[in-house]
Amino acid sequence: MATLEQHGHGSILERHEEIERAVLAPMLKPTKWYFFGLVLALLAFTGLLVTWVHMIFSGMHLSGKNNPVGWALYITNFVFWVGIAHSGTLISAVLYLFRARFRSRFNRAAEAMTLFAVMVAGLFPLIHLGRVWFFYYLMPYPNQRQIWPNFRSPLVWDVFAVSTYFTVSVIFWYMGLVPDLAIARRRTTGIARWVYRVLSLGWSGSSTQWRPYNKLYGLLACFATPLVVSVHSVVSWDFAMGIVPGWHTTIFPPYFVAGAIFSGCAMVLTIMIPMRKWFKLESLITIEHIESLAQMLLLTSMIVAYSYIIELGMAFYSGNIFERAQFMYRMGGYYATLYWIMIICNCVIPLSIFWRKARRNLTWMFFLSIFVNIGMFLERFNIIVQSLSHEFEPYAWGRYHLTYTDVFITIGAFGMFFMLFLLFAKTLPVLPIWEVKEETH
Amino acid sequence: MNRRDFIKTAGLTAAGASLLPGCTPVGDDKFEQALYPAPEGIIPGEPIYLSTTCMECPANCGVSAKNVDGRTIKLEGIIGHPINDGGLCVRGQATITRLYHPKRYKSPMRRTRNGDFDAITWEEAYRSVWSALQTDKSGGRSSVYLSSRTTGSLSTFIDRFCAALGVSRLPELEVFSHSAVRQANQTVFGHKAIPTYKIDRADFLLTVGADLLETFVSPVEHATKISKGKDTGSFWWTHVEPHISIEAMSADTRLACKPGTEAVLLGYLLQQFGGSVSGQGPIEASSVVEQVGLSEESLTKLVQRMREARRPLVIAGGVSVQHEKGLEVAVLAAQLQKQLGSAAEVMDFNSAYNYDNVGSLLDAEVWTKKLNAGEIGVIFVSKTDPALTLPKPLGFAEGFKKATLRVGLSEISNKTLDECDIILPLSHFLESWGDAEPRKGLRTIIQPTREQLFNTKSEGDILLDLLQTAGKPRPKNFRAFIESEWARLGTPLTPDIMKAGFVATAAAAAKPAAGPATGAGASPVAAGAAASVAASATPPHPAPLQVSFADGLSAQLEGDVLVVTPSLRFYDGRSRLLPLNAQGATLLEEIPEPVSTISYGEWISVRGWQDVTGEFVRGLDQIEITLGETRLQPLALKLQPRLPDSVYMVERPFLVAPDLGIDRRTGEPISFSPNLKWRGAGIIPVAVMSGSPSQEGRGIIPNAVETPGEEAAAHHKSQRMDGIVASEPELPGEHEERLTLYPEHVHQPYRWGMTIDLDKCTGCSACVAACYVENNIPLVGKDAHLNGREMSWIRIEPYFDGEARGDFIPMLCQQCDSAPCEPVCPVYAAYHNPDGLNGQIYNRCVGTRYCANNCPYKVRRFNWINYEWESPLDQMINPEVSVRGRGVMEKCTFCVQRIRAGKDHAKDENRLVRDGEIQPACVQTCPSDAIQFGNMLDENSKMMQARKTDRAYRVFESLGTEPAVTYLADVTKEDEVSIGNA
């Protein structure tokens, strides 16, 4: 009740009404800016589809890969988007279990982000296949030749890890949505109301429903938590299991998980700060909430920085000439600029969060999150492309060069992500109303 | 009718009913093919081998052409052939792309007024030529016949043709006429000829500029013999030249001299061995050091090695005899050889190379003058390209226009043929009859290995038809003429000879005007063969040149010097074909020149270390060279390690009508130009395939100082994990126990392996070409190379470090026992086969490219697009190897199709495969016999025996990949570039 008094409102019901209005307001009247953004995102996504189809019919030469650099921007994108997908589960499941209150302001959007990011990420292993029309060879399906996938290959682990993560995320997200869908049902009319009614699965909000619901939600949170660690660990094994200098290291799983959370939190900020303003959610998402997220960012940034140091330390301490050459190349080779931009974005700029004024400055936090996004994209690029271009055989050293196809597909991935997110923001409650309500008790 | 018959009949009927209406034009072909009975003597799918002679260059190696289903698909050297003994060079392997070149002349053609060519009939072509010949006669102009080096019956027939129609035959045109060497041999040994060099019998070989392994007389023969010499255990090869070539990279000692100073060194050596240099006082070692640019130490070593040698051999040639003191170099080399006293043992003038009809540029000067004076009416140009090769001042291009009728004979267009009025399309040697006499006492047969592809004829048949048009008597056809010739010479063409492909006759004793007798080691005598050689047809020699050395021994080459070198891949330019597919590729350009590693593009090399930052470069600086008044076309500037300072090196075929002058005494082209000036001209895309000239201390080619055996053992020790009991590995190929969840591979009874001797490998790239042809590797063209998408399964990597030297290593799939590519493939496309090969199943591959990423040797190749095999190139596809489609990874298979065939054959005979029975294409063609292939489980196999040396090592041993390829380190190499050496 203390909260209520602070806010100076009459009753709980009024307060609830206000929350519902505030959260559901964006669902009612789209502005022209919304449509503008949606069309832009749609265009970018169409660009991806068109270039991809062109590449399927023409050949992988349209991407800038070559002999030493067999993976480049597509796998970079894959790892980047899987990383983005991490914050969702982290914020919803882990913070839920830790009863971190600020999570309720972000978790719906973060979970949606997770889903969309996994969807985008899942596209890239397909895009990068030489013969995408045989992608099902990677699935264990019964066939008359009795050929199974090679379970020793990290790529097969990927298939399982990512699809499991996607499934669990969908269920978790949907479970969280059910009470809010019921609210939406109450506040809409016509077809929309019918749709929400179907989706809300007859939720009435009675205590007989709430009790098992809370149990299930907690259970799902427990179930999803290990996935936060597992998915990106498995993704990191794509590299750590290879013998390529710059890949073959045991630090990769924790390093990748931290990096994923880092980039995920940054992406949440990138999205939530403008959303908070445009959707007028200032009263619900306060500066303090953003601050908490910023502290997460700082922590993971420091873990990532620590990993970079360890990587270098291992390369130089081990006496392995291949590793050493690889990291010398990262720091001083053809792509060195990208390496140093990555260091600045991921390790230097986030240090400003230590300064209270900075982390409470939303403009700064917004730009910081963009820097981190750039930095984390480059990190994946550096790990993949730089390692491959400077492997064991000096004769075979070579460089990757960006092509239009690569650029269009990368932009298209962002387009797809934002398109899905914008659609989500217009159709579903962007904050978990029931949780926010709970917190006001 | 029982049940089985019913089902069979029903099935056949249904199949027939569904097939027939469904036939598209393409399908028709295949369907009909299956219905036609195979030509007589051909079992469908079963290869037959036909012996013939390679005419790609004047060396005339014996080749065995593999024909499957009526299509010639691969050439291999004839084993036991006196010239190449099983080996074949990069050009010989690639000549099949000339046969199947889509831009070959497909019928006779006449030039129209606007410069295009119209197809005409043979009749029309002959009538035009004949009437022009008659006009010449009445108009007082002479008609001439120009060809490249031609030997054997064809040469005889050309003479007959020329006599019958009043055409005068010009001296044969070869830029590499070796006339300086021939003249020197005349002066010193009394034979104006190039002897057969018995390199295998020598224990010390000194080559001065002679590009033994590239274009010098008979490259494959030399490579074979050097390899045999190395087998004796006491063989040392010292190579002196002003630039860098594969010889410099392959010789045991390489000495870089200042351009034009070879004669000083040779004069010094001659005096050291008691000879005198007329007109010159004693040459001091210090002056050699100063003038030639060698260190005193290496000079002493050289003299000492020569003193210790019992049968030293000195060969001068190549660019070293192509400057103003070139004749001095050649004569001093010959005198040194004579002085050393081993000439009779290591040189064989009885089986001298057949260069008697080959003229020099001085001869060319005579007839180009006539051309320019308008004295020549009809000119026949056969298989030669004077517009490219003759120096500009001779004015060939202008003079050629003044001829009344220019008749070109060739398979494919070139600069000269483009200017001709009548094109008479030649059949490729693989589809025509003929013979050759590469050297005295050796005649080889040329026989068709497949049907004619186009409406073309052999040169002999064309001349024969022209005789008929002129109403002169003629043999029935050229084949009949050859048969009569061979019968006349006492060796009728029996099936045995046709199968062997050659006859070695007793060489008539050469007429030694001076010099030691050359009786020892005459060529083997074929049974019943009578001695009769073309020696009698030798034109009378002019008096031997008297060479005085009073004018000095060193050519005046100051400032920056341009050296024009022969080309390993293109010879004098003749092997550089038009682009043959949509990618603008040719096979020889697809294979990088091994020293510079440039595949596509024209470049000039200059001393330097790394281009840009040491990875493959999309663009190089482009420069324009000015020589006196003339300005060359812009060339890419390639920085070349181990090239002496102030030397600019360019391959001859890149220069059109190079204007560097002619040596007035020998008629050799001058290949040096002093005081070169250059200026930048932007950036030009050139495909440099090497990512780094240095191996960065990675032990790919072990440093000569360290013993690789110890290095490998050290790797093993450092790798051992605690708590694992391991037996000491004895040989590469075994490994200690390791922790693994999976059972170790069991190989029984075969585990294929390879041993590659880097001491013998010369970087000649024949293996690369053989691999391309054998395995249907697509030719991807310049753009793909610029993007780093070359498809070669085997490549030659040069590395320029270690103890200050350069060396080659062929890199191919190492068929690792613990292969990094296998476990990462999600679909088992990369798998380990029971023979220990890393198999690649193309139709299982989905194209994740993970295997290629994880391959430390970087030998896996991805098909980025579908490559078309434009007709008739599709006919050179090896039917036993799948053509890979887009999106699929591919790699070296150790020629698994050959292994399969060998195993099947052995199984038919109920035995195991014999050692040496299976040879992958690279092993088969290697002129140096540097690669051994065999079963690693057979301790007695030649391949396993070869590994039992402390030179044996495996690349990246420390990675634990357990490669099946073992390299033998080259531990003897010395390299001196003291001129501006850094």
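These figures come from a predicted structure and were not determined experimentally.

1. Quick look at the overall build of chain A
Of regular secondary structure, chain A possesses 16 helices and 0 strands. Residues classed as buried in chain A amount to 60% of the 441 residues present. Restricting to contacts in chain A with at least 6 residues of sequence separation, those with at least 24 account for 80%. When the accessible surface of chain A is split by element, carbon and sulfur atoms take 72% of a total near 18,000 Å².

2. Overview of the overall build of chain B
If you tally the helices and strands in chain B, you get 28 helices and 40 strands. Partitioning the intrachain contacts of chain B with sequence separation of at least 6 by distance along the chain shows that 74% fall at a separation of at least 24. Split by element, the accessible area of chain B, about 34,800 Å² in all, is 52% carbon and sulfur.

3. Quick look at the confidence of the model for chain A
Fine structural detail should not be taken from predicted coordinates in areas where pLDDT scores are low. Averaged over chain A, the pLDDT score is 88; the fraction of residues at 70 or greater is 97%. Across residues 1-9 of chain A, where pLDDT falls below 50, the model places 11 contacts with residues more than four positions away in sequence or in other chains.

4. Considering the sheet that holds strand E3 (residues 71-77) of chain B
Residue and element names in this part refer to chain B. Pairing is antiparallel across the open sheet formed by 3 strands, whose spatial order is E1-E2-E3. Of all the strands in the sheet, just strand E1 (48-53) and E3 have a single pairing partner and so form its edges. On average, each strand axis in the sheet is inclined to that of its neighbour by 30 degrees, with strand direction left out of account. Where E1 and strand E2 (residues 62-68) come together, 6 bridges link them in antiparallel fashion. If you follow Tyr 49 over to E2, its bridge partner there is Lys 66.

5. Details of the packing of helix H4 (residues 73-97) of chain A against helix H8 (residues 207-240) of chain A
Residue and element names in this part refer to chain A. Relative orientation of the contacting elements H4 and H8 amounts to 150 degrees, with a least axis distance of 8 Å. Judged by the angle between their axes, H4 and H8 are roughly antiparallel. In terms of crossing hand, the pair formed by H4 and H8 is left-handed. Across the contact of H4 with H8, the residue classes tally to 18 nonpolar, 7 polar and 1 charged.

6. A word on the interface of chain B and chain A
Taken residue by residue, the interface counts 62 residues in chain B and 59 residues in chain A. Of the roughly 4,900 Å² buried between chain B and chain A, counting both surfaces, carbon and sulfur atoms make up 54%. Residue Glu393(A) pairs with Arg795(B) through a salt bridge whose shortest N-O separation is 3.7 Å. Mapped by element, the contributors of at least two residues to the side of chain B that touches chain A are strand E31 (795-799), helix H24 (821-824), helix H25 (850-854) and strand E35 (861-862) of chain B. For the side of chain B that touches chain A, the leading source of residues is E31(B), giving 5 residues. When grouped by side-chain class, the residues that make up the side of chain B that touches chain A number 29 nonpolar, 18 polar and 15 charged.

7. Some thoughts on helix H14 (residues 362-389) of chain A
Residues and elements named next belong to chain A. The end-to-end C-alpha distance of H14, which contains 28 residues, comes to 39 Å, matching closely the 40 Å that a straight helix rising 1.5 Å per residue would cover. Across the 28 residues of H14, 21 count as buried, placing the element largely inside the fold. For H14, the capping residue at the N-terminal end is Asn 361, with a side-chain oxygen 3.0 Å from the backbone nitrogen of Thr 363.

8. Describing the packing of helix H9 (residues 262-272) of chain B against helix H12 (residues 326-340) of chain B
Residues and elements named next belong to chain B. Two elements in contact, H9 and H12, have axes whose closest approach is 9 Å; the angle formed by their N-to-C orientations is 20 degrees. By the angle class used here, H9 and H12 are roughly parallel. Read as a crossing pair, H9 and H12 show a hand that is left-handed. Taken together, the residues of H12 that come into contact with H9 (itself represented by Glu 262, Ala 263, Leu 266, Gly 267, Leu 269 and Leu 270) are Glu 328, Val 329, Leu 332, Ala 333, Gln 335, Leu 336 and Gln 339. In the contact of H9 with H12, the residues fall into 8 nonpolar, 3 polar and 2 charged.

9. Re the packing of aromatic side chains
All names here are of chain A. Scanning the entire structure with this criterion turns up 65 aromatic pairs over all chains. Arranged with centres 5.8 Å apart and planes meeting at 40 degrees, the rings of Phe 239 and Phe 256 form a pair that is tilted. Note that Phe 239 is positioned in helix H8 and Phe 256 in helix H9 (residues 252-278), a separation of 17 residues in sequence. Side by side, Phe 239 and Phe 256 carry an identical accessibility label, which is buried.

10. Description of the sheet that holds strand E37 (residues 931-935) of chain B
Strands in a sheet are paired, the pairing made by backbone hydrogen bonds, and the direction either parallel or antiparallel. Residues and elements named next belong to chain B. A sheet is described by the order of its strands in space; here 4 strands give the open sequence E37-E30-E39-E38, paired in mixed fashion. On the outer flanks of this sheet lie E37 and strand E38 (952-953), each paired with one strand and no other. Pairing of strand E30 (residues 752-757) with E37, which is carried by 5 bridges, proceeds in the antiparallel orientation. Note that in E37 the partner of Ile 756 across the bridge is Ile 931.

11. Quick notes on the nonpolar core
In this structure, Trp81(A) and Leu206(B) are the most contacted members of the largest nonpolar core, which totals 372 residues. One finds Trp122(B), Val378(B), Ile445(B) and Leu463(B) within the second-largest nonpolar core, a separate group that totals 39 residues.

12. Quick word on empty space enclosed by the protein
All names here are of chain B. Of the voids in this model, the largest cavity is the one considered here, and its volume is about 180 Å³. Contributing to the lining of the largest cavity are 21 residues, with Glu 214, Ile 244, Thr 565, Pro 566 and Met 649 lying nearest its centre. Of all the elements in the fold, those that place two or more residues in the lining of the largest cavity are helix H8 (246-250), strand E23 (603-607) and strand E27 (647-651). Its residues placed into classes, the lining of the largest cavity shows 8 nonpolar, 7 polar and 6 charged. Looking at which domains feed residues into the lining of the largest cavity, each of domain 2 (179-353) and domain 3 (561-685) supplies at least three.

13. Details of the state of the cysteines
Inspection of every chain in the model, using the stated rule, returns 0 disulfides over all chains. This cysteine, Cys821(B), is not joined by any disulfide, and Cys813(B) carries the nearest cysteine sulfur, 6.3 Å off.

14. As for unusual backbone geometry
All names here are of chain B. Residue Gln 748 is joined to Pro 749 through a cis peptide bond whose omega torsion reads 0 degrees. Inspection of the secondary structure puts Pro 749 in the loop between helix H21 (708-719) and E30. Cis rather than trans, the peptide bond between Ser 871 and Pro 872 has omega equal to 0 degrees. Mapped onto the secondary structure, Pro 872 falls in the loop between E35 and strand E36 (889-890). Positioned with a positive phi, Ser 646 is a non-glycine residue whose angle comes to about 65 degrees. Inspection of the secondary structure assignment puts Ser 646 in the loop between strand E26 (635-640) and E27. Under the relative-accessibility criterion, Ser 646 is labelled partly exposed at 35%. Within the chain, Ala 657 stands out as a residue other than glycine whose phi angle is a positive 45 degrees. Of note, Ala 657 is situated in the loop between E27 and strand E28 (672-673). According to the relative accessible area criterion, Ala 657 is buried, its value standing at 11%.

15. Description of the side chain of Asn838(B)
Residue and element names in this part refer to chain B. With respect to the secondary-structure elements, Asn 838 resides in strand E34 (residues 838-840). With a relative accessible area of 3%, Asn 838 lands in the buried category. Looking at Asn 838, its side chain comes within polar contact range of the side chain of His 832, at 3.5 Å. Setting aside its immediate chain neighbours within four residues, Asn 838 contacts Cys 813, Gln 815, Cys 816, Ala 819, Glu 822, Tyr 831, His 832 and Lys 891.

What counts as what
- Residues numbered from 1 in each chain as written.
- Chains lettered and ligands numbered in written order.
- Predicted model: local features only at pLDDT ≥ 70, side-chain atom pairs only at ≥ 80, totals over all residues.
- Heavy atoms only, no water.
- Helix = DSSP H or I, 4+ residues; strand = E, 2+ residues; numbered from the N terminus.
- Buried < 20%, exposed > 50% of the residue type's maximum accessible area, 1.4 Å probe, protein only.
- Contact = heavy atoms within 4.5 Å.
- Areas by Shrake-Rupley, 256 points an atom, 1.4 Å probe, with all protein chains shown as cover.
- pLDDT = per-residue confidence, 0-100.
- Pairing = 2+ DSSP bridges.
- Axes fitted to C-alpha atoms, helices over the stretch in contact; angles between N-to-C directions.
- Parallel < 35°, antiparallel > 145°, perpendicular 65-115°, else oblique.
- Left-handed = near helix turned anticlockwise from the far one by under 90°.
- Nonpolar A, V, L, I, M, F, W, Y, C, P; charged D, E, K, R; others polar.
- Buried area = accessible area lost by both parts, 1.4 Å probe.
- Salt bridge = Lys/Arg side-chain N within 4 Å of Asp/Glu carboxyl O.
- Expected span 1.5 Å × (residues − 1).
- Polar contact = N/O pair within 3.5 Å; in protein donor to acceptor, adjacent residues only side chain to side chain.
- Phe/Tyr/Trp six-rings, centres within 6.5 Å; stacked < 30°, edge-to-face > 60°.
- Core = buried A, V, L, I, M, F, W, Y, C linked by side-chain atoms within 4.5 Å.
- 1 Å grid on protein atoms, 1.4 Å probe; cavity = no way out; pocket = protein on both sides within 12 Å on 5 of 7 lines; lining within 4 Å.
- Points joined across faces, edges and corners; volume = space filled by probe spheres on them.
- Domains from an automatic or database assignment.
- Disulfide = S-S within 2.5 Å.

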